[in-house]
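# Examination of the molecular architecture
Residue-level listing of the chains:
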Amino acid sequence: MEVTLIGMGPGGAESLTAAAVEALERADCLIGSRRLLEACALAPGAPHLPATRSPEILERLTGHAWAAPCVLYSGDTGFHSGAQALLPLLRDRGIAARVLPGISSLQYFAARLGRSWQDWRPVSAHGLSCDPVGEVLSARGSPVFFLTGGADGAGELCAQLTQAGLGHLTATLGESLSYPEERVRSGPVRELAGQASAPLSVLLVEGYEPPANAPRSQGLDDAVFLRGDVPMTKQEVRAAVLAKLEVRDRAVYWDVGAGTGSVSVELALLAPRSRVYAVECRGEACALIRANRERFAAYNLTLAQGRAPQALEALPAPDGVFIGGSDGELLPILQAALEKNPAARVCLTAIAVETLGAAAAALAQLGMEPRITQLTVARSKPAGGLNLMLGQNPVWIVTGQREALV
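An account of the accompanying structure is given in this report. (Residues numbered from 1 in each chain as written. Predicted model: local features only at pLDDT ≥ 70, side-chain atom pairs only at ≥ 80, totals over all residues. Heavy atoms only, no water.)

## Overview of the environment of P143
The test is simple: In this description a helix means any DSSP run of H or I spanning at least four residues, a strand means any run of E spanning at least two, and both kinds are numbered starting from the N terminus. Accessible area is worked out with a 1.4 Å probe on protein chains only. A residue is then buried under 20% of its type maximum, exposed over 50%, and partly exposed in between. In what follows, residue pairs with any heavy atoms lying within 4.5 Å of each other are defined as contacts.
One can find P143 in the loop between α6 (132-138) and β7 (144-147). Residue P143 is classed as buried on the basis of its relative accessible area, which comes to 9%. As for P143 and E2, which are separated by 141 residues in sequence, their C-alpha atoms are 40 Å apart. Contacts of P143, omitting those with residues within four sequence positions, involve R115, D119, W120, R121, L204, V205 and E206.

Listed below in structure tokens is the structure:
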């Protein structure tokens, strides 16, 4: 038995390759989704066996002595296709297989629009968890192509983008591509937000322009932030804090006692596919966080206005937590974070010896070994043609993570 995995393209016979047509005409069994089986007029005498999950397909293949079975996949076998999961199973069983690619929905849609797709970022939101905001931000201005379906339909993706402040971007929706009911429409993302679309749909989002002041590395100059009279974590300390947090993408971060939001903004920019929550209770500080969010187009940053630890209850479990201010609630804040994720990495700063002692004691009480770094910074100041170094207040950075869970 040699199994042929065929990319059926958009679904019509006219878009199949000659090799795929030949394989289908001599097939003694067709396996695939009901939609593809019903649409395939080739090999009319071969049994049609509905199956979409790889273990189920393998069971269909091994349950009979087939000679030339074909497994049908929509689009292209190499583009978010179930063929990727089936091939290792076939190899493990010693079953010979060949793959015949098809036209992907991305290729068809680009051709339908008369455009090249080589600079698009393809993302699957079809039956998968998808963060459209993070995908658009991390694409750094390139158009983002979404395969949609299920709970994350095009309307839901556009709603999330609009809620984050990206409703002004341009969205182009392709529905039922290659079928008689095919429809393509375009407009601002906000106009498609929440709208129903066909089950077989794709979405192209474009028009995002990364901010000109986006960082090349962590530790932005203090002067680029809007500050007012609200305390702010300074550049050198901020850079060290971000390093201690070991920032990575596709994570969740809390910035508790966010102040101006400088740490929150840098977290959002360094990890565009992460979700960052700036927790702050003071009105002036919240206004500055909103302003700095817009200033840096940090659309993956969300302000959680309120006093910690109460304001933390509605937040998702964090992978990393920075505590810049606790208003005497350090232990409850730490407990709230670890209750949601016992493996969360924690980082906090202290400028008073008493705060340092309390921080070390709190981390130890919660099963974390406090790791303490003292940072002393001096900045130059011109004076009579000379540059004098003025020392800043020493800052302690305390980090912790439960060792057994690292």
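## What about the sheet that holds β7?
Keep this limit in mind: Any two strands with at least two DSSP bridges between them are considered paired. Lines are fitted to the C-alpha atoms to define the axes, a helix being fitted only along its stretch in contact, and any angle between axes, read from their N-to-C directions, falls within 0 to 180 degrees.
Spatially, β6-β7-β10-β8-β9 is the arrangement adopted by the 5 strands of the open sheet, whose pairing is mixed. Because the sheet does not close on itself, it has two edges, and the strands there are β6 (121-124) and β9 (183-188). The sheet shows a mean angle of 20° between the axes of neighbouring strands, direction not considered. Sheet topology places strand β8 (residues 170-175) next to β9; 6 bridges connect them, and they run antiparallel. Paired with T172 across the strands is S186, a residue of β9.

## Quick notes on the packing of aromatic side chains
What counts here: Pairs were defined over the aromatic rings of Phe, Tyr and Trp, the Trp ring being its six-membered one, requiring ring centres within 6.5 Å. Orientation was assigned from the angle between planes: stacked under 30 degrees, edge-to-face over 60, tilted for the rest.
Per the stated rule, a full pass over the model turns up 4 aromatic pairs. Measuring from ring centre to ring centre gives 6.3 Å for F109 and F145, while their planes differ by 50°; the resulting arrangement is tilted. Here F145 lies in strand β7 and F109 lies in helix α5 (residues 105-113), a separation of 36 residues in the sequence. Overall, F109 belongs to the buried group, its relative accessible area being 0%. On the numbers, 6.1 Å between centres and 20° between planes, the contact of W120 with F145 is stacked. Of the two residues, W120 sits in the loop between α5 and β6 while F145 sits in strand β7, which places them 25 residues apart along the sequence. Across this residue pair, the class does not change: W120 and F145 are buried.

## Considerations on helix α10 (residues 262-270)
With 8 of its 9 residues buried, α10 lies for the most part within the structure. Turning to α10, its buried residues number three or more, namely S262, V263, S264, V265, E266, L267, A268 and L269. Contact partners of the buried residues in α10: α9 (235-245), β11 (252-256), β12 (275-280), α11 (283-295), β13 (301-305) and β14 (320-323).

## Observations concerning the nonpolar core
The criterion, for reference: Among the buried residues, those of types Ala, Val, Leu, Ile, Met, Phe, Trp, Tyr and Cys that are joined through side-chain atoms within 4.5 Å form a nonpolar core.
Counting residues in each nonpolar core, the largest one holds 30 residues, and the members touching the most others are W254, V256, V279, L312, I323 and L334. With 6 residues, helix α12 (residues 330-340) is the single largest residue contributor to this core. Every residue in contact with V279, bar those within four places of it in the chain, is listed here: D255, V256, G257, A258, A304, G306, A308, A311, L312 and L315.

## With respect to the packing of α12 against helix α13 (residues 353-365)
For clarity, the threshold we go by: Here a crossing is taken to be left-handed if its near helix is turned anticlockwise relative to the far helix by less than a right angle, and right-handed if that turn runs clockwise. Ten residue types, Ala, Val, Leu, Ile, Met, Phe, Trp, Tyr, Cys and Pro, are classed as nonpolar, four, Asp, Glu, Lys and Arg, as charged, and the remainder, Gly among them, as polar.
Contact pair α12 / α13: the axes reach a minimum separation of 10 Å and the direction vectors enclose 35°. The two elements α12 and α13 meet at a crossing, and its hand is right-handed. The segment α12 lies against α13, with L330, L331 and L334 engaging A358, A359, A362, L363 and Q365. For the contact of α12 with α13, the class distribution of residues is 7 nonpolar, 1 polar and no charged.

## What to know about the side chain of R293
As for its position among the elements, R293 is in helix α11. In contact with R293, not counting residues within four places along its chain, are A164, V265, A298, Y299 and L301.

The values reported here are purely geometric and, on their own, carry no functional implication.
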